[in-house]
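Structural overview
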Number of protein chains: 2
Amino acid sequence: MNQRAHVASCIREGGIYCLTAEKFSLGRSNEEVVRAMLEAGIRIIQYREKEKKGGMRYEECLRLRQMTREAGAAFIIDDYVDLAILVGADGVHIGQEDLPVAAVRRLVGENIAIGLSTHSPEQALAAQEQNVDYIGVGPIFSTQTKEDVCAAVGLEYLDFVSRNISLPSVAIGGIKEHNLAMVVQHGARCAALVTEIVGAQDISQKLDALHTIMRS
Amino acid sequence: MNQRAHVASCIREGGIYCLTAEKFSLGRSNEEVVRAMLEAGIRIIQYREKEKKGGMRYEECLRLRQMTREAGAAFIIDDYVDLAILVGADGVHIGQEDLPVAAVRRLVGENIAIGLSTHSPEQALAAQEQNVDYIGVGPIFSTQTKEDVCAAVGLEYLDFVSRNISLPSVAIGGIKEHNLAMVVQHGARCAALVTEIVGAQDISQKLDALHTIMRS
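Scope of this entry: the structure provided in the associated data block. Bear in mind the structure is a predicted one, so any value in this text is a computation, not a measurement. (Residues numbered from 1 in each chain as written. Chains lettered and ligands numbered in written order. Predicted model: local features only at pLDDT ≥ 70, side-chain atom pairs only at ≥ 80, totals over all residues. Heavy atoms only, no water.)

On to the side chain of Glu49(A). Residue and element names in this part refer to chain A. Within the secondary structure, Glu49 sits in the loop between β2 (44-47) and α3 (54-71). It is Lys52 that comes nearest to the buried, bridge-free Glu49 among opposite-charge side chains, at 4.2 Å. Among the polar contacts listed, one links the side chain of Glu49 to the backbone nitrogen of Glu51, at a separation of 3.1 Å. A distance of 3.2 Å separates a polar atom in the side chain of Glu49 from the backbone nitrogen of Lys52. Discounting chain neighbours no more than four positions away, the residues touching Glu49 are Glu22, Asn30, Arg57 and Tyr80. (Helix = DSSP H or I, 4+ residues; strand = E, 2+ residues; numbered from the N terminus. Buried < 20%, exposed > 50% of the residue type's maximum accessible area, 1.4 Å probe, protein only. Lys, Arg positive; Asp, Glu negative; His and termini not counted. Salt bridge = Lys/Arg side-chain N within 4 Å of Asp/Glu carboxyl O. Polar contact = N/O pair within 3.5 Å; in protein donor to acceptor, adjacent residues only side chain to side chain. Contact = heavy atoms within 4.5 Å.)

Below you can see the structure in the form of structure tokens.
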């Protein structure tokens, strides 16, 4: 299976999409956190790291690439197309204001997946017309406060995607254990959680709890 | 002449190496400033822009690439290897803590120049052992205050480079009209100035003055 098919399959089969966030990881390194994720059976991991220098990111991603490869998990890099190519990542994730999809495709070729963040029905429909392998759908909730659970824009947009978009999709943004069931009820089969996982004292236990909600 | 030879030749022939810095450009866009630089005969321009989103950088660099190409000037992009490849830049400039030179070379191939910032004799000597096309030498002076003109580390290091390093080199860091002659006296044939140029009311007049100093 090539890398794009691998990424699409990991997202379509559903479950938890994990991201790194070292500053919220209770002093643990990205490597420690990713090891715990892989041991808990996570199938797809995105490296998101804006604060380190490029050389540090490169060394770290070489190690994470080896770990994810050994575990058979898909490895995605946020934003840095050059880094994704260099370390042999399975995909690169970009936002609406990053390099255009067509330009990224020219760089990565036909074997590396491109994930695109989308925030509206218009953007999801546009993504289907581009050479994108999956979309991020969110933010479902505010990522600043937990009180925003009922901010309806995200959930309505998730409904739209569940009903109208055939691309693999990942719900993201402010998702926590306590609101994950609602995200599943609105059609998400794959959900991304960041601080809820990397900030858990026991990552394995947290992922077990999240997986139980996803399956119920 | 290929791109690497073009960059090396522009630096070896000496003169002023210009960089963008939109926030110090008195409200002018990078395009306006670069146009003024090219009209003044500048042969090499580096795009340095950390604050804009990737899509904005891409659009801007496409335009700057066209302008520099029409003027026969070399166009270098700071830090973003993917962007440099996409817009057909002549070179990419990296720092000691960015992606390693060998990794950048794998990405850009043999036709695009790599410039590397160096801050010590050890780093300059190491650069000669790598596949680097030119080095930055600095900071010659503090880039924070003008009172640091006599901080000797930069000038001593510049002496070392002038005497011992055969790679093309660019002196950089805190260089202003008032201290440029000193930089030239210590052996610099090519000097980079940032705010002194982009922040000048009359960029053409400023470059004329700087060129006069370089030639004297």
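We now examine the interface of chain A and chain B. With 18 residues of chain A in contact, the opposing surface of chain B contributes 18 residues. Across the interface of chain A and chain B, roughly 1,500 Å² is buried in total on both sides, 67% from carbon and sulfur atoms. If you look at where chain A meets chain B, you find zero salt bridges. If you look at where chain A meets chain B, you find nine residue pairs in polar contact (both at pLDDT 80 or more). Contributing elements (two or more residues each) for the side of chain A that touches chain B: α3, α4 (81-87) and α5 (101-108) of chain A. It is α4(A) that provides the largest number of residues to the side of chain A that touches chain B, a total of five residues. Across the side of chain A that touches chain B, the residue classes break down as 11 nonpolar, two polar and five charged. (Buried area = accessible area lost by both parts, 1.4 Å probe. Nonpolar A, V, L, I, M, F, W, Y, C, P; charged D, E, K, R; others polar.)

Glancing now at the pairing of strand β6 (residues 134-137) of chain B. All names here are of chain B. Here β6 shows two buried faces, one formed by Tyr134 and Gly136 and the other by Ile135 and Val137. Where the polypeptide runs from strand β5 (residues 113-118) across helix α6 (residues 121-128) and back to β6, its parallel neighbour, the crossover connection is right-handed. Pairing analysis gives three bridges linking β6 to strand β7 (residues 169-172), with the strands arranged parallel. In the strand pairing of β7, Val137 is matched with Ala171. (Right-handed = clockwise from strand over helix to strand, strands pointing away. Pairing = 2+ DSSP bridges.)

Our focus in this paragraph is the packing of helix α2 (residues 30-39) of chain B against helix α3 (residues 54-71) of chain B. Residue and element names in this part refer to chain B. Two elements in contact, α2 and α3, have axes separated by 11 Å at closest approach and are oriented at 10°. When the axis of α2 is compared with that of α3, the two are roughly parallel. Note on element contacts: α3 touches α2 through Glu60, Arg63, Leu64, Met67, Thr68 and Ala71, opposite Asn30, Glu31, Val34, Arg35 and Leu38. Across the contact of α2 with α3, the residue classes tally to five nonpolar, two polar and four charged. (Axes fitted to C-alpha atoms, helices over the stretch in contact; angles between N-to-C directions. Parallel < 35°, antiparallel > 145°, perpendicular 65-115°, else oblique.)

Judged by nonpolar contacts, the single largest core of 155 residues is most densely connected at Met37(A) and Met37(B). Discounting chain neighbours no more than four positions away, the residues touching Met37(A) are Cys18(A), Leu19(A), Ile42(A), Ile45(A), Ile197(A), Val198(A), Ile203(A) and Leu207(A). (Core = buried A, V, L, I, M, F, W, Y, C linked by side-chain atoms within 4.5 Å.)

Using the criterion set out here, one finds 26 salt bridges over all chains in the structure. Asp79(A) is the partner of Lys50(A) in a salt bridge, and the nearest nitrogen-oxygen pair spans 2.7 Å. Remark: Asp79(A) occurs in the loop between β3 (74-78) and α4 and Lys50(A) occurs in the loop between β2 and α3; sequence separation between them is 29 residues. Accessibility expressed as a relative area gives 47% for Lys50(A), which makes it partly exposed. Taking the shortest distance from any N to any O, the salt bridge between Glu196(B) and Lys206(B) comes out at 3.0 Å. One end of the pair, Glu196(B), is in helix α9 (residues 195-198); the other, Lys206(B), is in helix α10 (residues 203-215), with 10 residues separating them in the sequence.

This brings us to α10(B). Residues and elements named next belong to chain B. Compared with the 18 Å implied by 1.5 Å per residue over 13 residues, the 18 Å span of α10 between its first and last C-alpha is a close match. For α10, the set of buried residues is Ile203, Lys206, Leu207, Leu210, His211, Ile213 and Met214. All buried residues of α10 project into a common sector of 160° when viewed along the axis, lining one side. Facing away from the buried side of α10, by more than 90 degrees, are the exposed residues Gln205 and Arg215. In the core, the buried residues of α10 are packed alongside β1 (15-19), α2, α8 (180-185), β8 (190-193) and α9. For α10, the N-terminal capping position is held by Asp202, with its side-chain oxygen 3.1 Å away from the main-chain nitrogen of Ser204. (Expected span 1.5 Å × (residues − 1). Arc of directions from axis to C-beta.)

Take unusual backbone geometry next. In this model, Gly138(A) is joined to Pro139(A) through a cis peptide bond whose omega is 0°. Relative to the elements of secondary structure, Pro139(A) occurs in the loop between β6 (134-137) and α7 (152-164). Its identity is not glycine, yet Leu26(B) carries a phi of approximately 55°, on the positive side. Residue position: Leu26(B) is located in the loop between β1 and α2. According to the relative accessible area criterion, Leu26(B) is partly exposed, its value standing at 48%. Not every positive phi belongs to a glycine, and Asp79(B) is a case in point at roughly 80°. In this structure Asp79(B) comes out as buried when scored by relative accessible area, which is 19%.

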